[in-house]
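Descriptive structure summary
Listed below, chain by chain, are the residues.
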Amino acid sequence: MLLVYAPMSNSTLNSEEKNRILKATEEYVKKELTGESSGHDWWHTQRVWKTAVKIAKKEKADLIVVQLAALLHDIADWKFNNDNESAGSDKAKEWLDKIGVDENISNHICEIIHDLSFKGAGVKSEIKTKEGMIVQDADRLDAMGAIGIARAFATGAKFNREIYNPEIKPTLHQTAEDYKKSKGYGGSINHFYEKLLLLKDRMNTATAKKIAEKRHKFMEHYLKEFFNEWNGKA
Ligand code: ADP
Ligand code: NI
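Heads up: these notes are all about the structure in this document. Since the structure is predicted, the reported quantities are computational estimates derived from the model, not experimental observations. (Residues numbered from 1 in each chain as written. Chains lettered and ligands numbered in written order. Predicted model: local features only at pLDDT ≥ 70, side-chain atom pairs only at ≥ 80, totals over all residues. Heavy atoms only, no water.)

Description of the environment of N190
Here is the rule we go by: Helix and strand labels come from DSSP, where a helix needs a run of H or I of at least four residues and a strand needs a run of E of at least two; each type is numbered from the N terminus. Any pair of residues with heavy atoms lying within 4.5 Å of one another is described as a contacting pair. Contacts described as polar in this section are N or O atom pairs within 3.5 Å, which, within protein, must combine one atom able to donate a hydrogen with one able to accept it, while residues neighboring in sequence count only if both atoms come from side chains.
Its place among the elements puts N190 in helix α9 (residues 188-194). Between the C-alpha atom of N190 and that of Y164, which follows or precedes it by 26 residues, the distance is 7.1 Å. Those residues within four positions of N190 in sequence are excluded, and the remaining contacts are Y164, I168, K169, P170 and Y185. Side-chain polar atoms of N190 contact the backbone oxygen of I168, separated by 3.1 Å.

Put into structure tokens, the structure is as follows:
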């Protein structure tokens, strides 16, 4: 059932109202994303939500903005919506308006969702606020480590890409346009060199940097094994 709330500002949101908004958003996102098969499923969102809260508490950020942005960040991905980069923020805005979240808060959340995505090795992140940096870190941590490896192959398969094609070298994309067009060209292993191994040095917060170090090492170890097996050395 969809509940409709009157508009409210951040300062007037008491904890009961915050909980109600969060619960309704959790249910909405879970319904929308359950069963998604490219690694952008509900469980990815739930992990990002939890990680974002953990970082936000350490970094003393606005928890309601962080949580709503984390919950809604993959509600519609441009990669699977005709490359429309505003698909996610538009859909999030629709939902936040529906449940009566104040414009100041919803605009901040939608800006975060719009600016969150990785857009190529040579493209600078557009994220502007502490809350945005935290959600970006949480999202990127989930693209690393053991789970990140699983997600890379799931997304690669969604793009109909091979696991690896040694005849195609990785590209360090210098524009968002080039990155967008490539969509896993050369297989999922190339994605490690085009994005995943670059994430460690692009974390915004100290908390995330520490977690990223460990996940980065695990991916390096995985790739070493992968190429050992590929080359008949293991
Ligand atoms: P962002 O959250 O920065 O927008 P993406 O949506 O591109 O990042 O990444 C989400 C997941 O999809 C990550 O786990 C990432 O590894 C995977 N992914 C994105 N592009 C590719 C690709 N071309 N090949 C394999 N996996 C990919
Ligand atoms: Ni995500």
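Concerning the layout of surface pockets
Basically, it comes down to this: Detection works on a 1 Å grid of protein atoms alone, calling trapped sets that fit a 1.4 Å probe cavities and calling open sets with protein on both sides within 12 Å along at least five of seven lines pockets, with lining residues defined by an atom within 4 Å of a point. Grid points are joined across faces, edges and corners, and a volume is the space filled by probe spheres set on the points. For this classification, Asp, Glu, Lys and Arg are treated as charged, while Ala, Val, Leu, Ile, Met, Phe, Trp, Tyr, Cys and Pro are nonpolar and the rest, including Gly, are polar.
Considered as a void within the structure, the second largest pocket measures approximately 210 Å³ in volume. Lining the second largest pocket are 14 residues, and of these V123, K124, S125, E126 and R140 lie nearest its centre. Looking at the lining of the second largest pocket, its residues break down into three nonpolar, five polar and six charged.

Remarks on helix α7 (residues 145-158)
Short version of the rule: A helix's residues, less one, multiplied by 1.5 Å, set its expected span. Partly exposed describes any residue whose relative accessible area lies between the buried limit of under 20% and the exposed limit of over 50%, with all areas from a 1.4 Å probe on protein chains only and scaled to the type maximum. What the arc measures is the spread of directions leading from the helix axis to the C-beta atoms.
Here α7 is 14 residues long and its end C-alpha atoms lie 20 Å apart, about the 20 Å a rise of 1.5 Å per residue gives. Taken residue by residue, α7 has G145, G148, I149, R151, A152, T155 and G156 as its buried positions. Taken around the axis of α7, the buried residues stretch over an arc of 165 degrees, which confines them to a single face. In this fold, the buried residues of α7 make contact with α2 (42-59), α6 (130-141), α9 and α10 (206-230). Backbone geometry just downstream of α7 places N160 in the positive-phi region, at approximately 60 degrees.

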